[in-house]
Protein chains: 2
Amino acid sequence: MNVDALLATRTRNIQASAIREILKVAAQPDMISFGGGLPAPESFPLDLMPELMERVLSGCGARAFQYDQTEGFGPLREALTGFCQTKGVPARAEEIFISSGSQGGLDALGKIFITKGDAVAVESPTYLGALQAFNAYQPSYINMETDGDGLIPESLEDVLENRKVKFVYLVPTFQNPTGRTLPLERRRRVADIIRRYDALLVEDDPYGDLRYRGSPLPSIKSLAPENVIYAGTFSKIFAPGLRIGFLVTTPDIGRWLVLAKQGVDLHTSTLTQALAAEYLDGGFLERHLPRIIQLYAPRQAAMLESLERHFPSGFEWSRPEGGMFVWAEGPPGLDTHDVNRKSIEEGVAFVPGRYFFTEPGSGCATMRLNFTNSDEDTIRKGIRILAGVVEREL
Amino acid sequence: MNVDALLATRTRNIQASAIREILKVAAQPDMISFGGGLPAPESFPLDLMPELMERVLSGCGARAFQYDQTEGFGPLREALTGFCQTKGVPARAEEIFISSGSQGGLDALGKIFITKGDAVAVESPTYLGALQAFNAYQPSYINMETDGDGLIPESLEDVLENRKVKFVYLVPTFQNPTGRTLPLERRRRVADIIRRYDALLVEDDPYGDLRYRGSPLPSIKSLAPENVIYAGTFSKIFAPGLRIGFLVTTPDIGRWLVLAKQGVDLHTSTLTQALAAEYLDGGFLERHLPRIIQLYAPRQAAMLESLERHFPSGFEWSRPEGGMFVWAEGPPGLDTHDVNRKSIEEGVAFVPGRYFFTEPGSGCATMRLNFTNSDEDTIRKGIRILAGVVEREL
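Treat the numbers as computed from the prediction; the structure is a model and nothing was measured.

## A short note on the relation of the copies chain A and chain B
Once turned by 180 degrees and shifted 0.0 Å along the axis, chain A lies on chain B with an RMSD of 0.0 Å. Taken together, these values place the two copies in the relation of a two-fold axis. Of every C-alpha in chain A, the one belonging to P50 of chain A sits nearest the axis of rotation, 3.4 Å from it. A shared interface surface links the copies, since 100% of the contact residues of chain A are contact residues in chain B too.

This is how it looks when you write it as structure tokens:
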């Protein structure tokens with residue numbers, strides 16, 4: 001059968017993720033991997049699972065195993081209103097849309113908003129998974145400029161003044177890939193601009209709860225509630241294998257999201273939603289989250305100290321107060337793709353930063369370094385080896 | 001914010017499911033509902049869940065909670081090869097694509113194959129959830145004729161001879177909505193036609209395991225393996241709230257499905273996949289399935305007997321050997337939409353059959369009757385009431 005002749009035109013647009021091969025190499029045993037974006041398996045509250053299952057069975061019974069409404073499992077939507085409040089995200093239960101991972105939320109947003117050629121404004125660099133979700137709907141991307149403090153508000157204003165965009169996509173806290181966080185003053189300006197142009201902003205916040213230092217910042221959603229869709233996830237604070245994400249949206253947008261999601265998967269797993277609801281309602285998250293932070297904070301410190309100690313001058317890197325990534329940039333002319341190839345030979349993998357830019361030729365000297373999935377000694381060893389490779393490549 | 005102005009052109013195509021309101025009414029307490037397509041909650045093996053969770057925790061540990069590969073959890077793909085073999089569906093592990101419910105498989109197929117305007121051939125009537133999945137990609141539908149034995153092969157041949165179709169979609173066993181099953185001779189002819197035109201057939205088989213009488217028939221997949229994608233699900237034999245479906249595809253199509261699914265939800269819940277793998281591997285399905293059949297067989301018998309006893313002449317209905325639905329058709333001129341409105345007033349709901357046709361004006365005298373979600377006495381009472389309403393409407 002000639003499968004190629006049957007493919008939709010969009011399908012050729014859904015490129016194999018270029019970093020997939022890199023991540024496969026990074027996942028090899030004995031490889032020190034700064035490559036993926038995996039939470040540490042020891043961060044999962046496995047010891048709680050029998051109790052959570054017991055609570056689901058006694059509290060919900062068969063309801064947790066039956067078909068359920070597309071917008072999400074009632075008890076989880078209720079529980080999330082409280083959780084969102086603690087995060088400074090205003091959310092009523094009817095504004096919460098449960099998705100199959102935050103990826104499911106991004107797919108639903110792409111599906112309802114993007115017609116081929118429509119413009120979506122993104123930070124440069126931006127989160128690859130969002131591009132993958134949107135690409136299937138064939139948007140054009142408008143890149144907004146960033147610096148060490150994340151999005152430059154003037155660049156956003158410039159885009160909204162001159163272009164018609166369907167929505168703006170932003171990861172304002174401990175961004176993937178850069179780890180950068182938009183400061184309060186910029187959040188206020190972004191909220192102001194979005195409101196002024198009556199534009200739609202998607203605020204993706206998978207990492208905000210993983211704060212190791214400093215004080216939490218208000219969500220942009222709290223500063224411009226009518227114009228912002230907030231995206232959250234249980235992947236970093238419970239376990240990614242449950243595939244539970246959520247959007248805090250507005251009821252009118254929520255209605256369209258539900259129609260789109262009906263066709264995609266009817267609804268997210270009732271069982272994993274019920275487990276997540278118990279995790280919140282039983283106070284388990286509250287007790288477990290500090291342990292995740294205790295696990296990751298020293299890992300991040302080890303990476304930042306090792307970079308300081310071993311990396312050659314001419315390099316700069318982000319010093320995020322939380323999250324999962326450090327972003328390093330070498331001097332112009334350095335090709336981190338070559339660095340990665342050589343460091344892999346010495347047993348250390350990372351992701352060259354170029355893959356997070358939509359314009360070819362950008363970010364050639366950058367690298368994304370994940371620190372959550374290795375212990376401190378391994379991180380120190382890995383950065384020392386990587387520094388040696390970098391030194392020789394300069 | 002003017003949300004309507006932001007919507008993609010496709011979004012207006014994603015209509016609110018017309019039966020959604022009907023199903024809401026049907027779900028009211030004290031309503032005798034033949035409306036939904038819900039498995040009986042008492043069919044779920046809730047008593048097994050603690051043990052299955054224990055096995056997942058001891059056998060897979062953190063791996064069952066981590067990000068996983070898009071194509072599906074390795075142990076489940078392995079377990080499914082054996083299960084498919086018992087169903088007469090040839091499947092190697094690398095040909096199995098796990099989806100978030102079978103809905104997720106249909107969405108992925110729509111996504112990789114359908115460009116706006118492309119033709120998809122469907123039975124008339126056909127499964128509504130498939131239309132909902134495909135509609136987002138804006139196909140045109142070609143209706144193939146059916147009779148009491150399901151698809152008429154000549155109609156398929158006629159379509160393939162005269163039209164270019166991306167794929168043919170079929171529920172050949174205990175079809176939703178009609179309960180009809182394609183006999184062996186027709187399966188052979190369909191397989192022959194599909195092979196001869198080198199066309200792609202999607203064989204959706206959610207109900208095949210729910211057989212109460214008679215002998216299983218070979219899957220069309222087994223008769224034309226290169227040209228058929230087989231879709232299965234755990235929703236009727238384990239629990240729909242787990243959202244586990246699967247496709248048995250060919251490696252070249254599987255590769256595209258994986259790329260599409262990456263953007264949609266990265267992968268289906270690792271935990272629910274691991275539970276499903278244990279359900280198969282531990283022999284639990286083998287022991288539990290007969291109980292589901294013992295539960296449903298008398299319900300179906302009660303419905304068929306009650307129709308026989310109470311329904312007026314001029315009515316015909318299917319007498320399937322399994323599945324979840326009976327399809328009844330009244331004399332021309334009867335409007336089952338009116339019947340449903342009046343029967344609801346008397347506490348009985350069903351789904352008017354017209355919603356399963358893509359051409360307006362078809363199936364006005366038909367009704368889909370679900371028998372899995374009520375006990376025998378309730379079914380007898382409901383059919384008696386419904387017969388009274390029908391009698392007055394004739």
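## Some details on the side chain of K261 of chain B
Residue and element names in this part refer to chain B. Locating K261 in the fold gives a position in helix α10 (residues 251–265). Judged by its relative accessible area of 5%, K261 falls in the buried class. Filtering out sequence-adjacent residues up to four positions away, K261 remains in contact with T70, F97, I98, S99, S100, L266, H267 and T268.

## Digging into helix α10 (residues 251–265) of chain A
Residue and element names in this part refer to chain A. Along its 15 residues, α10 runs 20 Å from first to last C-alpha, staying within 8% of the 21 Å computed at 1.5 Å per residue. With 12 of 15 residues buried, α10 is to be regarded as a mostly interior element. Looking at α10, one finds that the buried residues are I253, G254, W256, L257, V258, L259, A260, K261, Q262, G263, V264 and D265. Looking one or two places after α10, you find L266, whose phi comes out positive at around 65 degrees.

## Brief notes about the environment of P125 of chain A
Residues and elements named next belong to chain A. For P125, the position within the fold is in the loop between β3 (119–123) and α6 (128–135). Judged by relative accessible area, P125 falls into the buried class, the value being 3%. The residues touching P125, leaving out its near neighbours within four places in the chain, are T146, Q175, P177, T178, R180, W327, F356 and F357.

## Observations concerning the interface of chain A and chain B
Residue-level contacts link 80 residues of chain A with 80 residues of chain B. Note on chain A versus chain B: buried area summed over both sides is about 6,500 Å², and carbon and sulfur give 62% of it. Considering only the surface of chain A that becomes buried against chain B, M1, F65 and Y67 of chain A emerge as the three largest contributors, covering 11% of it. Our count for the contact surface shared by chain A and chain B stands at 38 residue pairs in polar contact (both at pLDDT 80 or more). Contributions of two or more residues to the side of chain A that touches chain B are made by α1 (3–6), α3 (49–59), α5 (101–113), α6, β7 (165–170), α10 and α11 (270–281) of chain A.

## Some thoughts on the sheet that holds strand β11 (residues 316–317) of chain A
All names here are of chain A. Strands sit in the order β11-β12-β15-β14 across an open sheet of four strands; the sheet is antiparallel. Pairing within the sheet leaves two strands with one partner each, and these edge strands are β11 and β14 (351–352). Strand direction decides the pairing type here: strand β12 (residues 325–329) and strand β15 (residues 366–370), joined by five bridges, are antiparallel. Bridge pairing in β15 places W327 opposite R368.

Parameters at a glance
The numbers attached to residues start from 1 for each chain and follow its sequence in the written order. Chains carry letters and ligands carry numbers; both start at the beginning, A for chains and 1 for ligands, and go up in the order they are written. Whole-chain, interface and lining totals are the exception, using all residues; otherwise, since this is a predicted model, local features are given only for residues with pLDDT of at least 70 and side-chain atom pairs are given and counted only at 80 or more. Just so you know, side-chain values use all the structure's heavy atoms and leave hydrogens and water out. Here the copies are matched by least squares. The fit uses the C-alpha atoms of residues with pLDDT of at least 70 in both. Note on contacts: a residue pair qualifies if any of its non-hydrogen atoms lie within 4.5 Å across the two residues. Secondary structure elements are taken from DSSP: a helix is a run of H or I of four residues or more, a strand is a run of E of two residues or more, and numbering for both begins at the N terminus. Remark: exposure states derive from per-residue accessible area (1.4 Å probe, protein chains only) relative to the maximum for the residue type, with buried under 20%, exposed over 50%, and partly exposed in between. In a helix, the anticipated span is given by 1.5 Å times the number of residues less one. A 1.4 Å probe defines the accessible area here, and the buried area is the portion of it lost by two parts on being joined, summed over both. N or O atoms within 3.5 Å of each other form a polar contact, as long as, within protein, one can give a hydrogen and the other can take it, and as long as residues adjacent in sequence are counted only when both atoms are side-chain atoms. The rule for pairing is simple: two strands pair if DSSP sees at least two bridges between them.

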